[in-house]
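# Report on the structure
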Amino acid sequence: MPVRIKPNVRMPDLSLNSNIPPAGYSITWSVVSGNGFIYDNSNPVAEVTVPAGNTATIRLSLSNGTTTISDDVALTNTTSCTPLCTSPLNSNGDFELRGTATADNLSFQSTPATLIYQTTNPVGWSERYGTSLPNTSSFTGAYYINKTGANGNPKSGSRMVFMAGEGFCLSSLKTFADLTCGRTYRVSAWVAAFTNSATQTTSTFAMEFISGGNTVPDLHIGNSFMAPASTSWNNLNWQRYSFDVTIPSSGYEYADFLFTTLHNVNGIVIDDMCIEEISSASRANAGPDQFNCSNAFTLAANTPPSGFAGVWSVVSGSASISNTASPTSTATISSGNNARLRWTVNGTGEQEDTPPLILLIPVDLNPVVHPMTMAGQQSTTVQMIGIQVVCRALIQVPTQLIFLITVVQIILIILPLRKHPTFTEI
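Residues numbered from 1 in each chain as written. Predicted model: local features only at pLDDT ≥ 70, side-chain atom pairs only at ≥ 80, totals over all residues. Heavy atoms only, no water.

### Concerning the sheet that holds strand 4 (residues 26–34)
Definition in use: When DSSP locates at least two bridges between a pair of strands, those strands are taken to pair. Strands here are runs of E lasting at least two residues and helices are runs of H or I lasting at least four, both read from the DSSP assignment and numbered beginning at the N terminus. To get an axis, fit a line to the C-alpha atoms, keeping to the stretch in contact for a helix; angles then go from 0 to 180 degrees between the N-to-C directions.
Read from one edge of the open sheet, 3 strands run 4-7-8, paired in antiparallel fashion. Strands with a single pairing partner mark the edges of an open sheet, and in this sheet they are strand 4 and strand 8 (68–76). Direction aside, neighbouring strands of the sheet carry axes that sit 20° apart on average. Direction of pairing for strand 7 (residues 55–63) relative to strand 8: antiparallel, over a ladder of 9 bridges. Looking at strand 8, one finds that Thr57 is bridged to Ala74.

Encoded structure:
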């Protein structure tokens, strides 16, 4: 059952894949412990949110009404939530410039609020409601929140935006920032779920990038997310979401970025939004974490373009690198069972990635086998960033219901073992 992060999306949203169950069996996913949220608990491919700094144990159960088999995986999100925006192209991402949103004629959760609508907007922002009409009684639409007293919990400063209502959109590019064809941009924002009721729940929302021109097809990149529930209005569960987008090389004349709410009651709060250009030349990607039963690992960093050079270094542990300048060099653990490496790309500016945690996993030669279970399991939880290779030995359980778990980037490896193992690299 491989576990992967969605490509090009940096957020605590994961995909868990099970193999197809035998005829007559149904699938159920559940959160056994920790802080995790499952989008559809009966889908073989389950979308799971684990907030930054949290761990959740997720269980896959199969049942035919008489017999039930289950398997668990622990997901640890060690993402750093330090703001990464250094050169924003959008204006007023932190909402501190009020613009024309100064009425404060509404009270949302005992905090002054102004409906964002038509000509009433914070600097750099505007509504994109289309034919949808906001309702100031049920608070559908987007509302500029001005914390003046004890109530409210902005990510930074004293202002933020609350949104709710199915299909309401808020644009962060009212000023049409200078975006260039052929360039890559990173869009990020801090978002917290908030339900305008006594009980807090998770909330679904979308982050969308659109671009177009008179002679080219529209470009639309959208990501749907589920934000974990907050504790209260004064204790919002802020999570950082981001993704990268590349505008095609020519013909595109405008761009916009939208937040879209998807539920009439379960809303979101937004703060510290950023759009910045990424220089592909200065990007460093050390590749996935690797796990192996050998002490030699083939690295898989990105190849720097002409004019730039990369170099490997050992951050912790004891390891040798056959060619420190090669992105696909061989790293060998010389003592111990793990090491962490860093890949640094130098040129105009320097960027480094510190993933590779490489781990040598011992084999247990005396497993305990129990029918209808995953027997002889061992588990190791490691950090999210880095390289990963999985080596496992498989137990021959007397049933066809064997479900294997591997994790990409947010990693827990379940290792079923037997006395005469068969090794499989994944």
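There's more to say after this.
### Here's the deal with the sheet that holds strand 14 (residues 169–171)
Strand order in the open sheet formed by 5 strands is 11-14-19-16-17, with antiparallel pairing between adjacent strands. Edge positions in the sheet fall to strand 11 (126–127) and strand 17 (216–227), since each has one partner strand and no second.

### Concerning the pairing of strand 20 (residues 266–278)
To keep things clear, this is the line we draw: A 1.4 Å probe rolled over the protein chains alone gives each residue an accessible area, and that area as a share of the maximum for its type sets the label: buried under 20%, exposed over 50%, partly exposed in between.
The element strand 20 is largely enclosed, with a buried count of 12 among its 13 residues. For strand 13 (residues 159–164) and strand 20, the ladder comprises 3 bridges, and the chain directions are antiparallel. Considered in strand 20, the bridge of Met163 is made with Ile268. Strand direction decides the pairing type here: strand 15 (residues 184–195) and strand 20, joined by 11 bridges, are antiparallel. Opposite Thr184, over in strand 20, you have Ile278 as the bridge partner.

### Brief notes about the environment of Ser137
Along the chain, Ser137 falls in the loop between strand 11 and strand 12 (141–146). C-alpha of Ser137 to C-alpha of Leu106: the two residues are 31 residues apart in sequence and 9.5 Å apart in space.

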